[in-house]
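Examining the three-dimensional arrangement
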Amino acid sequence: MRRAALAVASEPAAGEAAQAYLQAGGDAIGAVASGFFAAAGQTPGVLFGPLALLIAQVGAGVRAFDGRQRQPGLEQRRPRGLGPEDKASPAARVAVPSGIAALLVALRYGQQVSLAKVVSPGLGIAKQLGCERRAAVLDQIQRLGAAALAAPAISRPLIHLAGPSEGGLLGLADLAAIPEIDHPARSLDRTRIAPWENAPPHPAGADLEWQEQLTRQQGLCARDLRGGLAALCYDRVSNGLTVDELELMLPLQGVPPRRGIPRVAPGSFLPAPTPLAIELSASDVPISAAVHLHGRATLIVHAPSSNP
């Protein structure tokens, strides 16, 4: 029996926004993006965190979008580095957000809709909560797209808190850069996953809190009536560097340079769990999309005409 479009999520606000987007005739790609922005409007530690997305469309294959954070420091002089006993400041551990750019690139594969339609649920939630500065950030994104991060209203507060003057590495070149985030998914028999899923951590990044990332990770899956599927994972950070001017929080996932340890190259992606999978039939028709949340339930949706 043919089933309706559906979104399932680990967070109610994300799920409700995604379902509303589908019910208005939207596609699965836009639905998960809308759900993400709803979560970002509700919680300060979502918008600048890492994310990953898999999408599948009938006859178009499966693509993966890499929204992990990146190591900062582009176009800056190499810092001297911390000593073995030196403690890194929060500013030194701030990385570069790529999630917004990843979502906006993914949206190009879907229906041609205004970015405002995708971002508006988060903007509305932020205003309802009285978070006008957070709402202003989302408004910048819906008007400027990925370029919003390099706009002065957003870049200045970020660099003020996490730039070289505060012991960090974040600069305007980092925020303006759009990395390579669009990839064909990797094939494992009839399953498709992100091609970077098993990428080993850099030796200097051994202190990255992988287990903490697993426990704070959230997920969202959607199917549309055209046979499209999407699976998204993102972080909800509760402990980071607070940007009061934006009413947002920066996760602490960057790797501070240390003397005697190979440096993580500026612009390189930092490890993050990517528990996403899309299953295809023997004839490469999308069957299901899933997010496997560590120690919690697996979120899954089946294509409208498939059997669960």
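Computed from a predicted structure; not experimentally measured.

Right, let's get into the overall build of the chain. The helix and strand tally for the chain stands at eight helices and 13 strands. With the C-alpha coordinates aligned to their principal axes, the bounding extent of the chain is approximately 65 × 45 × 30 Å. When burial is assessed residue by residue, the chain has 56% of its 308 residues classed as buried. If you sum the accessible surface of the chain, you get close to 13000 Å²; carbon and sulfur atoms cover 53% of it.

With that out of the way, let us pick up unusual backbone geometry. Of note, the phi angle at Glu-75 is positive, near 60°, even though the residue is not glycine. Within the secondary structure layout, Glu-75 lies in the loop between strand 3 (61-67) and helix 3 (99-107). At Asp-284, a residue that is not glycine, the phi angle is positive and equals roughly 65°. Relative to the assigned elements, Asp-284 resides in the loop between strand 11 (276-280) and strand 12 (286-292).

Turning our eyes to something else, we now look at the packing of helix 4 (residues 115-128) against helix 5 (residues 132-144). Between two packed helices, the angle of one axis relative to the other and the distance separating the axes together describe the packing. Packing of helix 4 against helix 5 brings their axes to within 8 Å, and their N-to-C directions diverge by 175°. For the element pair helix 4 / helix 5, the angle class is roughly antiparallel. Only Glu-132, Arg-134, Ala-135, Leu-138, Asp-139, Ile-141 and Gln-142 of helix 5 make contact with helix 4, whose side of the interface consists of Leu-115, Ala-116, Val-119, Ser-120, Gly-122, Leu-123, Ala-126 and Lys-127. Among the residues forming the contact of helix 4 with helix 5, the class breakdown is eight nonpolar, three polar and four charged.

Turning to the sheet that holds strand 4 (residues 182-184), a few remarks are in order. Strand pairing in a sheet is mediated by backbone hydrogen bonds. Such pairs are either parallel or antiparallel. Strand order in the open sheet made by the six strands is 1-7-8-2-3-4, with antiparallel pairing throughout. Pairing within the sheet leaves two strands with one partner each, and these edge strands are strand 1 (6-9) and strand 4. Averaged over all adjacent pairs, the angle separating strand axes in this sheet is 15°, with direction ignored. Where strand 3 and strand 4 come together, three bridges link them in antiparallel fashion. Among the inter-strand pairings, Arg-63 is bridged to a residue of strand 4, identified as Pro-184. Contacts from helix 2 (residues 28-42) reach strand 2 (51-57), strand 7 (217-223) and strand 8 (229-235), with the element oriented near 150° to strand 7. Contacting strand 2, strand 3, strand 4 and strand 8, helix 3 crosses the sheet at an angle of about 155° to strand 3.

Moving on, we come to the sheet that holds strand 6 (residues 191-193). As summarised here, the arrangement of the five strands in space is 5-6-11-12-13, forming an open sheet in which the pairing is antiparallel. Sheet topology places strand 5 (186-188) and strand 13 (298-302) at the edges, where each strand pairs with a single neighbour. Pairs of neighbouring strands in the sheet enclose a mean axial angle of 25°, with direction left out of account. Sheet analysis places strand 5 next to strand 6, joined by three bridges and oriented antiparallel. From the neighbouring strand, Arg-186 faces strand 6, where its bridge partner is Ile-193.

Let us look at the environment of Ala-177. Topologically, Ala-177 is positioned in the loop between helix 7 (172-176) and strand 4. Given the relative accessible area of 25%, Ala-177 is considered partly exposed. The spatial distance from the C-alpha of Ala-177 to the C-alpha of Ala-147 is 9.0 Å, given a sequence separation of 30 residues. Residue contacts for Ala-177: discarding those within four places in its chain leaves Arg-70 and Leu-74.

Relative to the elements of secondary structure, Ser-165 occurs in the loop between helix 6 (152-162) and helix 7. Its relative accessible area of 66% is what places Ser-165 among the exposed residues. Between the C-alpha atom of Ser-165 and that of Ala-91, which follows or precedes it by 74 residues, the distance is 9.6 Å.

On to the packing of aromatic side chains. For any two aromatic rings, the description comes down to two numbers: the centre-to-centre distance and the angle of the planes. Going through the model one piece at a time under the given rule, you end up with three aromatic pairs. Relative to Phe-37, the ring of Phe-36 lies with its centre 5.4 Å away and its plane at 75°, an arrangement referred to as edge-to-face. Considered together, Phe-36 and Phe-37 belong to a single accessibility category, that of buried residues. Note on Phe-36 and Tyr-234: the rings are 5.7 Å apart at their centroids and 85° apart in plane angle, and the pair reads as edge-to-face. With Phe-36 in helix 2 and Tyr-234 in strand 8, the pair connects residues that are 198 residues apart, well separated along the chain. Accessibility assignment for this pair places Phe-36 and Tyr-234 in one class, buried. Of the aromatic side chains, those joined through ring pairs into one cluster are Phe-36, Phe-37 and Tyr-234. Geometry around Tyr-21 places Lys-117 over its ring, the cationic atom sitting 5.2 Å from the centre.

Under the 1.5 Å per step criterion, the end-to-end length of helix 1 (residues 12-23) is 16 Å for twelve residues, consistent within 8% with the ideal 16 Å. Those residues of helix 1 lying buried are Ala-13, Ala-14, Gly-15, Ala-17, Ala-18, Gln-19, Tyr-21 and Leu-22. Of the surrounding elements, those touching the buried residues of helix 1 are strand 1, helix 2, helix 4, strand 7 and strand 8. Positioned one or two residues after helix 1, Gly-25 has a phi angle of 95°, which is positive.

Parameters at a glance
- For every chain, the first residue of the written sequence is number 1, and numbering continues from 1 onward in sequence order.
- Residues qualify for local features only when their pLDDT is at least 70, as the model is predicted, and side-chain atom pairs are given and counted only at 80 or more; totals for whole chains, interfaces and linings, by contrast, use all residues.
- Where side-chain values are given, they derive from all heavy atoms of the structure, hydrogens and water being excluded.
- Helix and strand definitions here come from DSSP, where helices need a minimum of 4 consecutive H or I residues and strands a minimum of 2 consecutive E residues; each element is numbered from the N-terminal end.
- Between buried and exposed lies partly exposed: a residue is buried under 20% and exposed over 50% of the maximum accessible area for its type, with that area taken using a 1.4 Å probe on protein chains only.
- The Shrake-Rupley method, run with a 1.4 Å probe sphere, supplies the accessible areas, and residue values consider only the shown protein chains as cover.
- Only C-alpha atoms enter the line fits that serve as axes; for helices the fit covers just the stretch in contact. Angles between N-to-C directions range over 0 to 180 degrees.
- Comment on the angle field: the value is read as roughly parallel under 35 degrees, roughly antiparallel over 145, roughly perpendicular from 65 to 115, and oblique elsewhere.
- In what follows, residue pairs with any heavy atoms lying within 4.5 Å of each other are defined as contacts.
- Put simply, Ala, Val, Leu, Ile, Met, Phe, Trp, Tyr, Cys and Pro go in the nonpolar bin, Asp, Glu, Lys and Arg in the charged bin, and everything else, Gly too, in the polar bin.
- Strands qualify as paired when DSSP identifies two bridges or more between them.
- Two aromatic rings, drawn from Phe, Tyr or Trp (for Trp, its six-membered ring), form a pair once their centres lie within 6.5 Å of each other, and the interplanar angle then sorts them: stacked below 30 degrees, edge-to-face above 60, tilted otherwise.
- Criterion for a charge above a ring: Arg CZ or Lys NZ at most 6 Å from the ring centre, at most 35 degrees from the ring normal.
- Helix span, as expected, comes to 1.5 Å for every residue beyond the first.

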